[in-house]
Amino acid sequence: MQHRLIWFRDDLRLSDHAAWAAATQDATNAKLSAVFLTADADWAEFGYGANRLWFTEQLLRHLSQTLAAQGVQLQVIRLQTYQAQTDWITQFCRTEAVTDLYFNQEYQVNERRRDLAVMNGLGADTQVHSFVDRVILQPGEVKTGDDRFYGVFSPFKRRWLSTLQNATYAPYRPQFTERAPVAALDWAPLADRPDSDLSHLALTEQDAQERLDVFIDQRLLDYAHARNNPAIAGTSRLSPYLARGLLSPRQCIARAEKKLDRPIWDFPDQAFSWINELIWRDFYHHLLVGFPRLSKNRAFQPHTEAMIWRNDPDEIKAWKNGQTGIPIVDAGMRELIQSGWMHNRVRMIVAQFLTKNLLVDWRVGERYFMRYLVDSDLGANNGGWQWSASTGTDAAPYFRVFNPVSQSETHDADGLYLARWIPELQALPPKKRHAPWTTTPPAGYPPPIVDLKATRARAIAAFKELPK
Ligand SMILES: Cc1cc2nc3c(=O)[nH]c(=O)nc-3n(C[C@H](O)[C@H](O)[C@H](O)COP(=O)(O)OP(=O)(O)OC[C@H]3O[C@@H](n4cnc5c(N)ncnc54)[C@H](O)[C@@H]3O)c2cc1C
């Protein structure tokens, strides 16, 4: 009898799940097992925080119940390392006579090495079926004419779109015939509690799907216009679900195409600008494969490794705690700490402030984001940090340093975002919230820790001196 093992990872859903769809096809006479393996020590080393682990834990509980009701038991096995995962899978396949192993591909260096080790370690009795699921187009499928990975977004996007026009990217529809329900198994929780208030999150596939529906129906066509205002829900806020795999990018595209009744390459600009972000998401995953040094804390542009960062401990502390005295920076950092999420425009502002005005190594910020973000994802996080620090692909030119005050005035004109996250500023007239030091400073809110103009000049000078 066939014994099929489905190995779940950051893909905690059943709809449009490539590995699940394949494993459950024509499975009437097959035994089905499902597993999720942790790597607690390795994950701690990568900086995964309690928010991400708690969120994953909730999704696993739900998945386990759903699977059990359909007759499949999910084992959640607590392990320390990826090596232990490899050992566990090879051992299980041998002792349980697994004939077929199914999983969706992951693209960070450690995960790819692990999967390779698993494939090499399994005997001929177990066939491995791995799938492209986390991204829309497989890394390696979108390359330059001379077979190199793209290191710049715009040509990548053009090639990505032309490749997609000849590809199948419709969501998978599982043909699973449910079995008699089984008891759900238990496990020691990945995290007892989150660091932030995560009550805003959807915890079920259905809820995440509904949020996708609401965004597409009500906000997609206004996206380009509303996306930069952090005071409103102008973006989809679906990143936690895409990162942990409660939603797939295929589902996002399919839902948008259904709404507009045309393929994405015929979308009007307003709506395409949302698709553009999903292409960035693919791009960053492709980069992880094309440039493995990105998974190893290395800069995309090697010459920037020569930068001597200041890394002042007191300034880092003020940044982390939302106490820099620059309201838009502090509001963003407080949003991060209190909710485990931050608006994209503000992520760019706080990242530029840390790496440029404070001249702090981007890896400090990357790791702090990793600790708090529920959507933490190596590709996007590393890409965002290196872009902001002018060390990455398409990096912001070093001489174009954001002015956080004018960013704040432009994108949060009424100071509503500032007032939401910094209660100390609520009593100020909205226009005064962006730079409270220009008026009588409000009680309890610190003065700016740095002079924006002088530190901007210092950053430009430091970058200019880097050997090319
Ligand atoms: C310094 C920094 C760190 C970041 N860290 C992460 C991270 O750890 N995880 C993460 O998912 N995103 C990260 N981003 C990208 C971006 O900020 C978030 O994806 C976005 O804010 C999520 O909000 P949304 O779901 O409303 O996005 P929308 O604007 O609705 O975009 C739709 C989806 O596209 C993807 N996306 C959007 N922008 C980007 C981008 N610039 N790069 C890659 N994918 C993108 C996300 O999956 C998002 O859910 C980071 C950006 C910066 C500047």
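Residues numbered from 1 in each chain as written. Predicted model: local features only at pLDDT ≥ 70, side-chain atom pairs only at ≥ 80, totals over all residues. Heavy atoms only, no water.

Moving on, we get to the side chain of Thr304. Tracing the chain through its elements places Thr304 in the loop between helix 11 (269-290) and helix 12 (313-321). Judged by relative accessible area, which is 4%, Thr304 ranks as buried. Reaching out from Thr304, the side chain makes a polar contact with the backbone oxygen of Gln301 at a distance of 2.7 Å. Thr304 has contacts with Ala299, Ser390, Thr391 and Leu466, leaving out every residue within four places of it along the chain. (Helix = DSSP H or I, 4+ residues; strand = E, 2+ residues; numbered from the N terminus. Buried < 20%, exposed > 50% of the residue type's maximum accessible area, 1.4 Å probe, protein only. Polar contact = N/O pair within 3.5 Å; in protein donor to acceptor, adjacent residues only side chain to side chain. Contact = heavy atoms within 4.5 Å.)

Glancing now at the site of the ligand. Neighbouring residues of the ligand: 27 residues in total, closest Tyr223, Thr235, Ser236, Arg237 and Asn344. Here an oxygen atom of the ligand sits 2.9 Å away from a polar atom, N or O, in the side chain of Trp274. Between an oxygen atom of the ligand and a main-chain N or O atom of Asp377, the distance comes to 3.1 Å. Put simply, the parts of the chain that give the shell around the ligand at least two residues each are helix 9 (239-244), helix 11, helix 14 (344-357) and helix 16 (378-388). With five residues, helix 11 is the largest single contributor of residues to the shell around the ligand. Taken together, the residues of the shell around the ligand break down into 14 nonpolar, seven polar and six charged. Taken domain by domain, the shell around the ligand gets at least three of its residues from each of domain 2 (135-168 + 204-290) and domain 3 (302-464). (Near = heavy atom within 4 Å. Nonpolar A, V, L, I, M, F, W, Y, C, P; charged D, E, K, R; others polar. Domains from an automatic or database assignment.)

Further remarks concern the domain arrangement of the protein chain. Taken domain by domain, the protein chain consists of domain 1 (3-132), domain 2 (135-168 + 204-290) and domain 3 (302-464). Distance between the C-alpha centres of domain 2 and domain 3: 26 Å. Counting residues at the interface gives 21 residues for domain 2, matched by 24 residues for domain 3. Roughly 1800 Å² of surface becomes buried between domain 2 and domain 3 when both sides are summed, with 55% attributable to carbon and sulfur atoms. On the surface where domain 2 and domain 3 come into contact, there are zero salt bridges. Among the elements of the structure, helix 6 (153-164), helix 9 and helix 11 are those that each provide at least two residues to the side of domain 2 that touches domain 3. Counting residues per element, the side of domain 2 that touches domain 3 draws most heavily on helix 11, at six residues. (Buried area = accessible area lost by both parts, 1.4 Å probe. Salt bridge = Lys/Arg side-chain N within 4 Å of Asp/Glu carboxyl O.)

Our next topic: the packing of aromatic side chains. Under the counting rule described, the total for this entry stands at 30 aromatic pairs. Ring centres of Trp280 and Tyr284 lie 5.4 Å apart, and the angle between their planes is 40°; this geometry places the pair in the tilted category. Separated by four residues within a single helix, Trp280 and Tyr284 lie in helix 11, roughly one turn from each other. Pair check on accessibility: Trp280 and Tyr284 agree, each one buried. (Phe/Tyr/Trp six-rings, centres within 6.5 Å; stacked < 30°, edge-to-face > 60°.)

Strand order across the open sheet formed by five strands is 3-2-1-4-5, with parallel pairing between neighbours. Each of the sheet's edge strands pairs with one partner strand only, and the pair in question is strand 3 (74-77) and strand 5 (127-131). Across the sheet, the mean angle separating the axes of adjacent strands is 20° when strand polarity is ignored. (Pairing = 2+ DSSP bridges. Axes fitted to C-alpha atoms, helices over the stretch in contact; angles between N-to-C directions.)

A few words on unusual backbone geometry. Within the chain, Asp147 stands out as a residue other than glycine whose phi angle is a positive 65°. Inspection of the secondary structure puts Asp147 in the loop between strand 5 and helix 6. One non-glycine residue, Asn311, lies in positive phi territory at about 50°. Here Asn311 shows up in the loop between helix 11 and helix 12. The class of Asn311 is partly exposed, set by a relative accessible area of 32%.

So, on to the nonpolar core. Ranked by internal contacts, the top residues of the largest apolar core, which has 129 residues, are Phe8, Trp160, Trp274, Ile275 and Trp319. Residue contacts for Trp160: discarding those within four places in its chain leaves Ile136, Leu137, Val142, Ile253, Ile264, Ile279 and Asp282. Within the second largest apolar cluster, 15 residues are counted, among which are Leu79, Trp88, Leu101 and Val118. (Core = buried A, V, L, I, M, F, W, Y, C linked by side-chain atoms within 4.5 Å.)

On to the packing of helix 6 against helix 11. In the contact formed by helix 6 and helix 11, the axes pass within 10 Å of each other and the chain directions differ by 105°. By the angle between their directions, the pair helix 6 and helix 11 is classed as roughly perpendicular. Here Phe153, Phe156, Lys157, Trp160 and Leu161 of helix 6 lie close against helix 11, whose contacting residues are Phe272, Asn276, Ile279, Trp280, Asp282, Phe283 and His286. (Parallel < 35°, antiparallel > 145°, perpendicular 65-115°, else oblique.)

The next point concerns the environment of Ala84. Its location among the elements puts Ala84 in helix 4 (residues 82-95). The exposure class of Ala84 is partly exposed, given its relative accessible area of 22%. In this structure, the C-alpha to C-alpha distance between Ala84 and Ala39, residues 45 residues apart in sequence, is 7.8 Å.

This brings us to the pattern of salt bridges. Across all of its chains, the model carries 28 salt bridges by this definition. Put simply, Arg250 and Asp133 hold a salt bridge, and the shortest N to O gap is 2.7 Å. Pair noted here: Arg250 is in helix 10 (residues 249-260) and Asp133 is in the loop between strand 5 and helix 6, with a separation of 117 residues, a long-range link. Accessibility classification places Arg250 together with Asp133 in one group, the buried group. The residue Asp361 makes a salt bridge to Arg363 at a minimum N-O spacing of 3.0 Å. In this structure Asp361 comes out as buried when scored by relative accessible area, which is 13%.

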